[in-house]
2 protein chains.
Amino acid sequence: MERMVLDDRRRRADRARQVADLLRRQILQDSFPQGQLPLEAALAREFDTSRNTIREALDLLREEGLVERCPGVGTTVAAEKYPHGLHRLLGLAETLHEHGQVTNQVRTMTLMEPPAQVSQRLGLPPGEQVVYLERLRSLNGLPLSLDLTYLVRDAGEPLFDADLANNDIFALLEGIAGQPLGTAELTLEAVNADPHTAAALGTPRGAALLMVERLTHLADGRPVDLEFIRFRGDRLTMRGQLRRTPDEERAWP
Amino acid sequence: MERMVLDDRRRRADRARQVADLLRRQILQDSFPQGQLPLEAALAREFDTSRNTIREALDLLREEGLVERCPGVGTTVAAEKYPHGLHRLLGLAETLHEHGQVTNQVRTMTLMEPPAQVSQRLGLPPGEQVVYLERLRSLNGLPLSLDLTYLVRDAGEPLFDADLANNDIFALLEGIAGQPLGTAELTLEAVNADPHTAAALGTPRGAALLMVERLTHLADGRPVDLEFIRFRGDRLTMRGQLRRTPDEERAWP
């Protein structure tokens, strides 16, 4: 008997997860008029499942911060979640320009002697100074990411006089270097927000963050910009396309 | 006075975050012999900061599940974290073959009439059945991801007789279809683990998960495989390279 109850619970939890994944996709695609989700009964019919399962699915989405649920009002989309292109190397304002205005609050900006790991990744001799920059980045006034940036000195020093509040570093770097950026290696991870990061991003302690480490090179191959970016998981997705046959196996011109 | 204390705390938290990000990178690169991190005093010298800051940085990494700290033993790497290639479309066993053996526990496998969203994404008429599959995937016996998969019927049905425990679906699909896979669109997000997912993955409730939604097409362009994958954030990273000039602006042969 107890076993049956457990099996039922697991079945419902599994089913709720399936439903939540499909609703999440619709929310990200902005598929609900006025951000209003259908009533529980309608969703139960649509997904051919019980109202309890639908309620459990909506609870999962509420815990992710994607929807709000109010008695009498129903379920509404809580906040927009924005797609960051993974198909090419773009700054935040560039990739989100259709969604609103990116502004940056500079928390720290200083010339410093970096730890050995930073020197190595930027290809600098030990002891050579870099520009260190910490920015809180917002879209339409709401915090989106906390960025820690190490820049080689010749590229970074002119930024002390630049309008960092309203510009991507990428665009500024290309102006300073007189050449476009080339490639970047990036690593993506999911981490829980520590209390200080959570406070800066205005998110609950422990909230899931999308963490990006990115080393960017100029077109001539020189590494110039090492960044550690913590995106709020409830406000940003990464979107891209992969090929089964990698580029290097294709015939390039 | 109180203000000064707050500023000091914030400064130390900011500094701890910087140190943690650099140590995280070293851990992922397996840079510490026998997984043993240097002593606090040595790290304090290396990063030119206080032992309190180092302690706070190591606490951040411990909360991420990356290191363990024991009195007398010091700080050790807790568990390996594996890189999943973002440079091409690969199955889990393919991408992690250097790191060990991927095994899959099939939790559910059934023929079902899918919700409208699934039919649409797979390009199926309403009511056409799909194969639904739920797998818990492990590397060297430790849970790595929970995968929910919807497959078009002609590609999915032969899988009822396949060795799903020891094979990637990608490899099996190519055999069934008699053609390679082509491209996949994917979306990456960070979400907190709900209690049931956490239990399945053997991770704390609320742990950060890297969530991937991926629609895979055969080489002829037909979508065949829609997956929702939850990776344990403490066990997997995604690694790739981006170009400033996108492929489509390059001259293709």
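Labelled according to an unreviewed UniProt entry, chain A appears under the name GntR-family transcriptional regulator, originating from Sinosporangium siamense.

### Side note on the overall build of chain A
Counting secondary structure elements, chain A contains eight helices and 10 strands. Principal-axis analysis of the C-alpha atoms places the extent of chain A at approximately 70 × 45 × 40 Å. For chain A, the exposed area adds up to about 10,900 Å²; of that, 49% sits on carbon and sulfur atoms. One way to put it: in chain A the 31 positive side-chain charges average out to a point 8 Å from where the 38 negative ones average out.

### Regarding the packing of aromatic side chains
The tally for this structure, following the rule as stated, stands at four aromatic pairs over all chains. Note on Tyr132 of chain A and Tyr150 of chain A: the rings are 5.0 Å apart at their centroids and 50° apart in plane angle, and the pair reads as tilted. Highlighted residues: Tyr132 of chain A in strand 5 (residues 130-139) and Tyr150 of chain A in strand 6 (residues 142-152), separated in sequence by 18 residues. Note on Tyr150 of chain A: relative accessible area 1%, which makes it buried. Relative to Phe228 of chain B, the ring of Tyr150 of chain B has its centre 6.2 Å away and its plane inclined at 85°; by these criteria the two rings are edge-to-face.

### Considering the sheet that holds strand 5 of chain A
Pairing in this open sheet of eight strands is mixed, and the strands run 4(A)-5(A)-6(A)-9(A)-8(A)-7(A)-10(B)-3(B) from one edge to the other. Strands with a single pairing partner mark the edges of an open sheet, and in this sheet they are strand 4 (102-112) of chain A together with strand 3 (82-85) of chain B. Along the sheet, successive strands turn relative to each other by an average axial angle of 20°, direction set aside. Relative to strand 8 (residues 208-218) of chain A, strand 7 (residues 181-192) of chain A runs antiparallel, the two being bridged by 10 bridges. What sits directly across from Ala190 of chain A, in strand 8 of chain A, is Leu210 of chain A. Of the strands in this sheet, strand 5, strand 6, strand 7, strand 8 and strand 9 (223-232) of chain A are in contact with helix 7 (residues 169-177) of chain A, which crosses strand 9 of chain A at around 170°.

### What to know about the environment of Gly127 of chain B
Residue and element names in this part refer to chain B. Note that Gly127 resides in the loop between helix 5 (116-121) and strand 5 (130-139). On the basis of relative accessible area, Gly127 is assigned to the partly exposed category, the value being 35%. In the structure, Gly127 is positioned 50 residues away from Val77 in sequence and 50 Å away in space, judged by C-alpha atoms.

Parameters and conventions
- Along each chain, the written sequence defines residue order, and numbers are assigned to residues from 1.
- Chain letters start at A and ligand numbers start at 1, both assigned in the order the entries are written.
- For a predicted model such as this one, the threshold for reporting local features is a pLDDT of at least 70, and the threshold for listing and counting side-chain atom pairs is 80 or more; totals across whole chains, interfaces and linings nevertheless cover every residue.
- Excluding hydrogens and water, the side-chain figures rest on all heavy atoms present in the structure.
- Runs of H or I in DSSP of at least four residues are treated as helices and runs of E of at least two as strands, each being numbered from the N terminus.
- Only the protein chains shown count as cover for residues, and the accessible areas themselves come from Shrake-Rupley with a 1.4 Å probe.
- A residue counts as positive if it is Lys or Arg and as negative if it is Asp or Glu; His and the chain ends are not included.
- For this purpose, a charge sits on NZ of Lys, CZ of Arg, CG of Asp or CD of Glu.
- Whether two aromatic rings pair depends on their centres lying within 6.5 Å, for rings of Phe, Tyr and Trp, where Trp uses its six-membered ring; planes under 30 degrees apart make the pair stacked, over 60 edge-to-face, and the rest tilted.
- Accessibility here uses a 1.4 Å probe with only protein chains present; expressed as a share of the type maximum, an area under 20% marks a residue as buried, one over 50% as exposed, and anything in between as partly exposed.
- A strand pair is defined by DSSP finding two or more bridges across the two strands.
- Geometry is summarised by axes, namely lines fitted to C-alpha atoms with helices restricted to the contacting stretch, and by angles between N-to-C directions that run from 0 to 180 degrees.
- Any two residues whose heavy atoms approach within 4.5 Å are treated as being in contact.

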